[in-house]
Amino acid sequence: MNQRAEAHPSHERLSRVWDSPKGIWGFMTAVNHRTVGLRFMITAFIFFILAGLEAVVMRVQLALPQLGVVSPDFYNQTFTMHGSTMMFLFVVPFVEGLAIYLVPLMVGAREMAFPRLNLFGYWVFLIAGVTLYVAYLLGMAPDSGWYNYPPLTGPGFRPGAGIDFWVTMITFLEVSALVAAVEIIVTILKMRAPGMSLNRMPVFVWTMLITALMIVIAMPALVLTSLMLALDRFTGTHFFNIAAGGDPFLWQHLFWFFGHPDVYIMLLPAVGVVSMIIPVFAQRALAAYTLVVASIVIIGTLSFGVWVHHMYTVGIALVGLNFFAAASMLITIPSAIQIFSWISTIWNGSLERLTTAMLFAIGFIALFILGGITGIMIAAVPFNWQVHDTYFIVAHFHYVLVGGVVLPIFASVYFWFPKFTGRMLNERLGRWHFWLFVIGFNATFFLMHLTGLEGMPRRVYTYLPGLGWDWLNLLSTLGTFLMAFSVVLFLVNVAVSWRGGTEAGPDPWRGGSLEWATTSPPPNYNFADVPVVRGRDPLWESAGIGMDTRPPWLEELSDPSDELRESITTSVVSADAEGRAVLPGPSPWPMWLALALSVAFIGAMWTTALVPVGLALAFLALLAWHWPAGEGP
Amino acid sequence: MIRPTLRCLPVAVVFLSIGCGGWQSALDPRSPGAATIESLWWIAFTSTGILSSLTILGLLYAVHRAHRRAAPETSRHTASREQTFILIAGVGIPTLFLIGFLTLSVRAGTAVSEHPEEATVMLEVVGHQFWWEVHYPNHGVVTANEIHIPVGEPVEVHITSADVIHSFWIPQLAPGKLDMNPGRFNTLWLFAEEAGLYRGQCTEFCGVQHAHMALLVVASPPEEFEEWLDARRGTPPEPTDPEAARGREVFLEAGCSACHAIRGVSRPRFAGNPGPDLTDLGSRSSLGALTIPNDREHLAQWILEPDRFKPGVRMPPTPLDDADLAALVRYLEGLR
């Protein structure tokens, strides 16, 4: 389409309508999805670096038996923060940021459905994340694992502030995840470009739709259970207190009812990213699109029926466990469908060159296969009884979450960085990053399978010599340094290329989806003319994204007569044009609402009296947020 | 011939690791249950190893093939044969494999869960932060951090916890681990095919010293096991030498007896056995649940500052002058 946004006759007017305020005020109020999405991704990446540093601290402490680099208490805080950060502050927010940035572009919309809610979600995420890290700096971080099992985390055994920070801030973070999910669902279902029926939706959009639906179903279980623990701690209820008739198993069931779907909440967007990248570099449509989409839906559904495989050793009858084993193993099939779809796409395609993004995607497939097969093994009940809570499990889930999620996240940055910034990342540095990361990763984690089988439990701050674990741990530690160094190369690459990289142009990879139809970075209104979609890869269709069968009022969208932010709405299944939505612009109130709620959440740790105060302030902020603007529709 | 080694060998093995690497390894099973799981692992490893290697090789070949064919523009549209391939490779083969593997897994699970109607030896283990309380209820014997079992006989173990959730794991002697849940009992069976020392460790994070909550299992021929039980059944004899007698006074005066029981001497003042029973302390190989060797110097230092070896341990430091300390150590090491 248009190479230069300025060339469009309506550019100036559209640009003014969709403009964001500048400076500090802009930072507090700007709602445009690309601004908020990028901010989510950058903030989440900073948390990734922190969690990576925590990993280095742990690996140094475990390099040799009986080291005293850090105290046991600090080690326990560190592994808790590492897990909590990676799950709650890095992967989920990063992926949400990616979706907030890309989904409107991929579906041809100008903005998300609820732009201010978006901004609110960001502020909540930022406040919760920073609060957790302030606690860590003060030596008061949670210290009982990212899964926070009572009774260890109950008021009787952990009276300190650490667990208070966990229960309040994780609950608060889920608010952020939930609002982003609601917004992603509505945007995908109602704001797709005309003609983009459900069976033409890009696979990344499909994965985000399923992921968001999973968040809406799974996260309330975590909110509920951490609220119950907060009540046990702050007000003396007895949900998990055995002596008073409570039951810690309640926590385990509710937590894993959230916790297992959460794995797929992280994994599905990653496979979506790979399903976007591989077809572009192979210059061939994704093989068996329908099967792939069906697999995504099936994984999303099955993931709610496997949570007990985290609880095989609790003492549940074997007959019951075998059903959960079967359900867990079933997930192999939809995963395998996707793996063979990618292989088939590459097999029949033509790879002009192996870009860094493609390398990360290929590396992902290999590591995901390895993480998948150990997943089948530990789904087997008796084998799980041996290796549960050992380093075998640590190895397994790092193959799934680093190989399966972090590699695609790196791939997504190499692939869409040109769209975000208008510049290409350096390929040479990118290759170094890829190879060092993958070699370091395997050195660290492949050996851990053996460490676990040799009997080393998880979450130990040290170990005695002579158990056969010494050399394994030393090599794992060396691998970690390689990974850490490769991430430094990546950061250098981003810093240098952001301003100094080669100009990308609108479509550097010859992509097929709509985000490549606009300039890089896109203008603040995304698309001047609403695209009309005629196939799964609209830019690859010979008919293009032309404009013939458009209702006359569609034209008005590209020629706004007043100062309204407008985007098109379409029907849920077939994406027939239905109407136009007027979307809100910049506002300070989302930030004030987030701050007001943080009075309630953070305040609860000192006195529950601050909860009603925070909620009252939140009510006022909501009132101001929704106060009629006076004129306009 | 285990008898003379009962005291010396454990210390050597636990802390100097003489030729006993892998004594907490799931890959070196010494019981039928653990062996069944080990063979399940090797089956899983081999079969999935072959399948995943083939898949990864296929992936790499696909990359190689597509890379070579860069120049001519192929059609971007997918062909229906691709769908057939995906259904065979992604649905057909995994389904067949999973049916086989699930069957093996269910059968292995059933096999390792089988146990005799009645046990000849039954014991009860209670998890504490961060040690193990061990009872032989049918024999009236209580000890801590060490389990003695007869070789070649199934041993029924009832496990529970006095505080938070722990997990009981002796990789070589049992088919995996089982959680110790406060307020509930779980049951598992130990079986040792040969005499020897086996190590276990807590595998559910239980607090600051989770890392130093290990357990020693001593498997000996039945007659030696019976001897071991008999030696512990009664009340330990009165200390004969005056220093040890003074040590007993120190034990009672310095507050040790508030938490620690010694049969015939003291019963803990606090409920729930906050500290290990010390009736046979002198015969144990380690202090602090396999944290340090149980010898004279370590025992003295442990009494003064347990926190030095096990930061966060629940036992408070006990300041004693040299004479009292020496007497106390003398008394404690005589308890066996």
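Owing to the predicted nature of the structure, the values given are computational and were not obtained by experimental measurement.

Rules used throughout
- Residues numbered from 1 in each chain as written.
- Chains lettered and ligands numbered in written order.
- Predicted model: local features only at pLDDT ≥ 70, side-chain atom pairs only at ≥ 80, totals over all residues.
- Heavy atoms only, no water.
- Helix = DSSP H or I, 4+ residues; strand = E, 2+ residues; numbered from the N terminus.
- Rg over C-alpha atoms; globule rule 2.2 N^0.38 Å.
- Buried < 20%, exposed > 50% of the residue type's maximum accessible area, 1.4 Å probe, protein only.
- Contact = heavy atoms within 4.5 Å.
- Lys, Arg positive; Asp, Glu negative; His and termini not counted.
- Charge placed at Lys NZ, Arg CZ, Asp CG, Glu CD.
- Phe/Tyr/Trp six-rings, centres within 6.5 Å; stacked < 30°, edge-to-face > 60°.
- Core = buried A, V, L, I, M, F, W, Y, C linked by side-chain atoms within 4.5 Å.
- Domains from an automatic or database assignment.
- Pairing = 2+ DSSP bridges.
- Axes fitted to C-alpha atoms, helices over the stretch in contact; angles between N-to-C directions.
- Buried area = accessible area lost by both parts, 1.4 Å probe.
- Salt bridge = Lys/Arg side-chain N within 4 Å of Asp/Glu carboxyl O.
- Polar contact = N/O pair within 3.5 Å; in protein donor to acceptor, adjacent residues only side chain to side chain.
- Nonpolar A, V, L, I, M, F, W, Y, C, P; charged D, E, K, R; others polar.
- Parallel < 35°, antiparallel > 145°, perpendicular 65-115°, else oblique.
- Left-handed = near helix turned anticlockwise from the far one by under 90°.

Trainee: How should the overall build of chain A be read in this particular structure?
Mentor: When you go through chain A residue by residue, the secondary structure sums to 19 helices and two strands. Taking 2.2 N^0.38 as the reference for a compact globule, 633 residues should give roughly 26 Å; the C-alpha atoms of chain A span a radius of gyration of 25 Å, in line with that estimate. For chain A, the spread of C-alpha atoms along the three principal axes comes to 75 × 60 × 50 Å. Residues counted as buried form 68% of the 633 residues belonging to chain A. Taking the contacts inside chain A whose residues are at least 6 apart along the sequence as the reference set, 80% of them involve residues at least 24 apart. Across chain A, the centroid of the 29 positively charged side chains sits 5 Å from that of the 35 negatively charged ones.

Trainee: Would you mind showing me how to read the packing of aromatic side chains here?
Mentor: To describe a pair of aromatic rings, you give the distance between the ring centres and the angle between the ring planes. All names here are of chain A. Taken as a whole and assessed by the stated rule, the structure comprises 70 aromatic pairs over all chains. Seen in terms of ring centroids, F47 and Y133 are 5.6 Å apart; in terms of plane orientation they differ by 35°. Their pairing is tilted. Highlighted residues: F47 in helix α3 (residues 33-62) and Y133 in helix α5 (residues 115-137), separated in sequence by 86 residues. Note on F47: relative accessible area 5%, which makes it buried. Summarising the aromatic geometry, the rings of F441 and F445 are spaced 5.0 Å apart at their centres and angled 40° between planes, so their arrangement reads as tilted. One end of the pair, F441, and the other, F445, are both in helix α15 (residues 427-453), four residues apart, so they sit about a helical turn from each other. Residue classification places F441 among the buried residues on the basis of a relative accessible area of 0%. For F445, a relative accessible area of 9% puts it in the buried group.

Trainee: What should I look at first to understand the nonpolar core in this one?
Mentor: One broad rule of soluble globular proteins: the nonpolar side chains tend to lie buried together. Counting residues in each nonpolar core, the largest one holds 298 residues, and the members touching the most others are F383 of chain A together with F168 of chain B. Both of domain 1 (5-15 + 30-515) and domain 2 (589-625) of chain A provide at least three residues apiece to this core. When near neighbours in sequence (up to four residues on either side) are disregarded, F383 of chain A contacts M377, I378, F392 and L453 of chain A together with I37, L40 and W41 of chain B. By size, the runner-up hydrophobic cluster in this structure holds 22 residues, among which are C256, I292, L299 and L332 of chain B.

Trainee: Just to check I follow, could you spell out the sheet that holds strand β5 (residues 155-161) of chain B for this structure?
Mentor: Pairing between sheet strands relies on hydrogen bonds along the backbone, with the strands arranged either parallel or antiparallel. Residue and element names in this part refer to chain B. Taken together, the five strands give an open sheet; going across it, the order is β3-β2-β1-β5-β8, and neighbouring strands pair in mixed fashion. Of all the strands in the sheet, just β3 (141-144) and β8 (186-190) have a single pairing partner and so form its edges. For this sheet the average axis-to-axis angle between neighbouring strands, irrespective of direction, equals 25°. Note that strand β1 (residues 121-128) and β5 share seven bridges and pair parallel. Of the residues in β5, the one forming a bridge with E124 is H158. Docked against the sheet, helix α4 (residues 222-233) engages β1, β2 (131-136) and β3, running at close to 100° with respect to β3.

Trainee: What exactly am I supposed to notice about the sheet that holds strand β4 (residues 146-150) of chain B here?
Mentor: All names here are of chain B. Read across the open sheet, the three strands follow the order β4-β10-β9; overall the sheet is mixed. What marks the edges here is a single partner per strand, and that holds for β4 and β9 (196-201). Taking the axes of each pair of neighbouring strands and ignoring which way they run, one obtains an average angle of 25° across the sheet. Examined bridge by bridge, β9 and strand β10 (residues 214-220) share six bridges and lie antiparallel to one another.

Trainee: Would you take a moment to explain the interface of chain A and chain B for this structure?
Mentor: Where interface size is given, it is often the accessible area lost as the parts come together that is meant. Listed by partner, the interface residues are 90 residues for chain A and 94 residues for chain B. Both faces combined, the contact of chain A with chain B buries some 7,500 Å², and carbon together with sulfur accounts for 66% of it. On the chain A side of the interface with chain B, the three residues burying the most area are F340, W347 and Q386 of chain A, jointly 10% of the side's total. Summed over the shared surface of chain A and chain B, the number is two salt bridges. A salt bridge links R284 of chain A to E82 of chain B, with the shortest nitrogen-to-oxygen separation between them at 2.6 Å. Applying the counting rule to chain A against chain B returns 21 residue pairs in polar contact (both at pLDDT 80 or more). Elements with a minimum of two residues in the side of chain A that touches chain B: α4 (72-107), α8 (248-282), α10 (318-330), α11 (332-348), α12 (356-379), α13 (381-387) and α15 of chain A. It is α11 of chain A that provides the largest number of residues to the side of chain A that touches chain B, a total of 13 residues. Broken down by class, the residue content of the side of chain A that touches chain B amounts to 56 nonpolar, 22 polar and twelve charged.

Trainee: What am I meant to see in the pairing of β2 of chain B here?
Mentor: Note on strand geometry: in a regular strand, side chains alternate between the two faces of the sheet. Residue and element names in this part refer to chain B. When you tally the buried positions in β2, you get five out of six residues, the bulk of the element. Relative to β2, β1 runs antiparallel, the two being bridged by five bridges. Note on β2: the bridge partner recorded for V126 is E133. Of the pairings in the sheet, the one linking β2 to β3 comprises four bridges and is antiparallel in character.

Trainee: Help me understand the packing of helix α7 (residues 203-235) of chain A against α8 of chain A, please; the structure alone is not making it clear to me.
Mentor: All names here are of chain A. The geometry of α7 relative to α8 is characterised by a closest axis approach of 8 Å and an angle of 160° between their N-to-C directions. Our classification of the angle between α7 and α8 gives roughly antiparallel. The two elements α7 and α8 meet at a crossing, and its hand is left-handed.

Trainee: Explanation requested: the domain arrangement of chain A in the structure shown.
Mentor: Residue and element names in this part refer to chain A. Assigned domains of chain A: these are domain 1 (5-15 + 30-515) and domain 2 (589-625). With 16 residues of domain 1 at the interface, the matching set in domain 2 holds 13 residues. Of the roughly 1,300 Å² buried at the junction of domain 1 and domain 2 (both faces included), carbon and sulfur atoms supply 87%. When the buried area of domain 1 at its contact with domain 2 is split by residue, R116, F120 and F172 rank highest and sum to 36% of it. One can count zero residue pairs in polar contact (both at pLDDT 80 or more) joining domain 1 with domain 2. At the level of secondary structure, the elements contributing two or more residues to the side of domain 1 that touches domain 2 comprise α5, α6 (161-190) and α7. For the side of domain 1 that touches domain 2, the element with the highest residue contribution is α5, accounting for eight residues.

Trainee: Which parts of the structure should I look at to understand unusual backbone geometry?
Mentor: Glycine aside, residues mostly have negative phi, and peptide bonds are mostly found in the trans state. Cis peptide bonds are those with omega within 30 degrees of zero, and the linkage from P150 of chain A to P151 of chain A qualifies with 5°. Checked against the element boundaries, P151 of chain A lands in the loop between α5 and α6. Q129 of chain B connects to F130 of chain B through a cis peptide bond whose omega is 5°. When you line up the elements, F130 of chain B lands in the loop between β1 and β2. Backbone geometry places Q283 of chain A, a non-glycine residue, at a positive phi of 50°. Here Q283 of chain A lies in the loop between α8 and α9 (289-302). Non-glycine residue N145 of chain B carries a positive phi angle of around 65°. Of the residues examined, N145 of chain B reaches a relative accessible area of 7% and is grouped as buried.

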